[in-house]
Amino acid sequence: MSTKHRVIQAACVAFSDRGVAGTSLDDIAVQLGITKQAILYHFDSKNGLVEAVLKQSAAELLVLFGDITHRTADGWPRVEEVVRASFDIAVKRPELLGLLREVNRLGDPWSTQLIRALDPLIKPALQHLEFCMEKGLFKQADPQLVLASAYSAVTGVAVDLEVLKAVGLELNLKVAARLRRTLLTFLRSSLVG
C-alpha cells in the first residue's frame, strides 16, 4: 500500500475517532511512523488531506451501496439490503460511517462536498421510496424524512459508541445484528405496515 493511501486510511480513522479538529498531521505521522513532511508531500495541507479522505470515503460508499439497486427487487427487499449493508459497514469499517457523522458536525464546505459526492446514492434512494409509495408498496409518507430517519438511525446507533455504552451495549457482531433487526422492524412497520 502506498504512503498516500496509508495516510488517507489513517486519517479517516483518526477523523472518525477524534474529529478533524482533534487530529493533527503530527498525530497521523507518528501513528504511521513517517514525518509530517511526508504527509505534506502528498497533501498540501490538513484541508487537502480532509478533502482526499472525503473523496476516497465517498467513492468507497458509492461502490458498497451502488450495486444494490441493480441486484435487488423494488420495495422492501431493497430497503432491507441497504440496511444490512449499512450495518455490515458499521461493523467492518466503522470509520466510514463515523466520518459521515464528523463531516455533518463540521458543516460547510465539507458537508456540502460530501453531499455532492453521495448524490448518486441519495437521489435514487429518494426516487425508489417515491416509486414504491406511488405503487402502493409502501405507505404514503415524506420520502425525505424516511431517508433522513433511516440514515440517522444507522449512523447514530451503529457508530456512536457512547450512545451504546449509555444504554449498556457494546458494538459487536451480536449487538449489530440485534440493532439491525430492530431498525428493520421499525422501518417495515413504518413503510409496509
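Residues numbered from 1 in each chain as written. Predicted model: local features only at pLDDT ≥ 70, side-chain atom pairs only at ≥ 80, totals over all residues. Heavy atoms only, no water.

Of the volumes computed, that of the largest pocket is approximately 1000 Å³. Looking at the largest pocket, it is lined by 34 residues, and the ones nearest its centre are Val82, Leu121, Ile122, Ala125 and Leu147. Listed by contribution, the elements that provide at least two residues to the lining of the largest pocket are helix H4 (46-66), helix H5 (68-71), helix H6 (76-92), helix H7 (94-106), helix H8 (110-134), helix H9 (143-159) and helix H11 (173-191). Considered class by class, the residues forming the lining of the largest pocket number 25 nonpolar, eight polar and one charged. (1 Å grid on protein atoms, 1.4 Å probe; cavity = no way out; pocket = protein on both sides within 12 Å on 5 of 7 lines; lining within 4 Å. Points joined across faces, edges and corners; volume = space filled by probe spheres on them. Helix = DSSP H or I, 4+ residues; strand = E, 2+ residues; numbered from the N terminus. Nonpolar A, V, L, I, M, F, W, Y, C, P; charged D, E, K, R; others polar.)

Quick look at the nonpolar core now. Ranked by size, the top nonpolar core spans 51 residues in total, and within it Phe15, Ile28, Ile39, Leu49, Val53, Phe138 and Leu191 carry the most contacts. At the level of secondary structure, the elements contributing two or more residues to this core comprise helix H1 (3-18), helix H2 (25-32), H4, H6, H7, H8, H9 and H11. Broken down by element, the residue count for this core peaks at eight residues, all from H4. Residues in contact with isoleucine 28, not counting those within four places in the same chain, are Val7, Ala10, Ala11, Phe15, Thr23, Ile39 and Leu49. (Core = buried A, V, L, I, M, F, W, Y, C linked by side-chain atoms within 4.5 Å. Buried < 20%, exposed > 50% of the residue type's maximum accessible area, 1.4 Å probe, protein only. Contact = heavy atoms within 4.5 Å.)

Right, let's talk about the packing of H4 against H6 for a bit. Contact geometry of H4 with H6 gives a least axis separation of 10 Å together with a crossing angle of 140°. The angle between the axes of H4 and H6 places the two elements in the oblique class. Here H4 and H6 pass one another in a crossing that is right-handed. The residues of H6 that touch H4, namely those facing Leu61, Leu64 and Phe65, are Val82, Ala85, Ser86 and Ile89. Split into classes, the residues belonging to the contact of H4 with H6 amount to six nonpolar, one polar and no charged. (Axes fitted to C-alpha atoms, helices over the stretch in contact; angles between N-to-C directions. Parallel < 35°, antiparallel > 145°, perpendicular 65-115°, else oblique. Left-handed = near helix turned anticlockwise from the far one by under 90°.)

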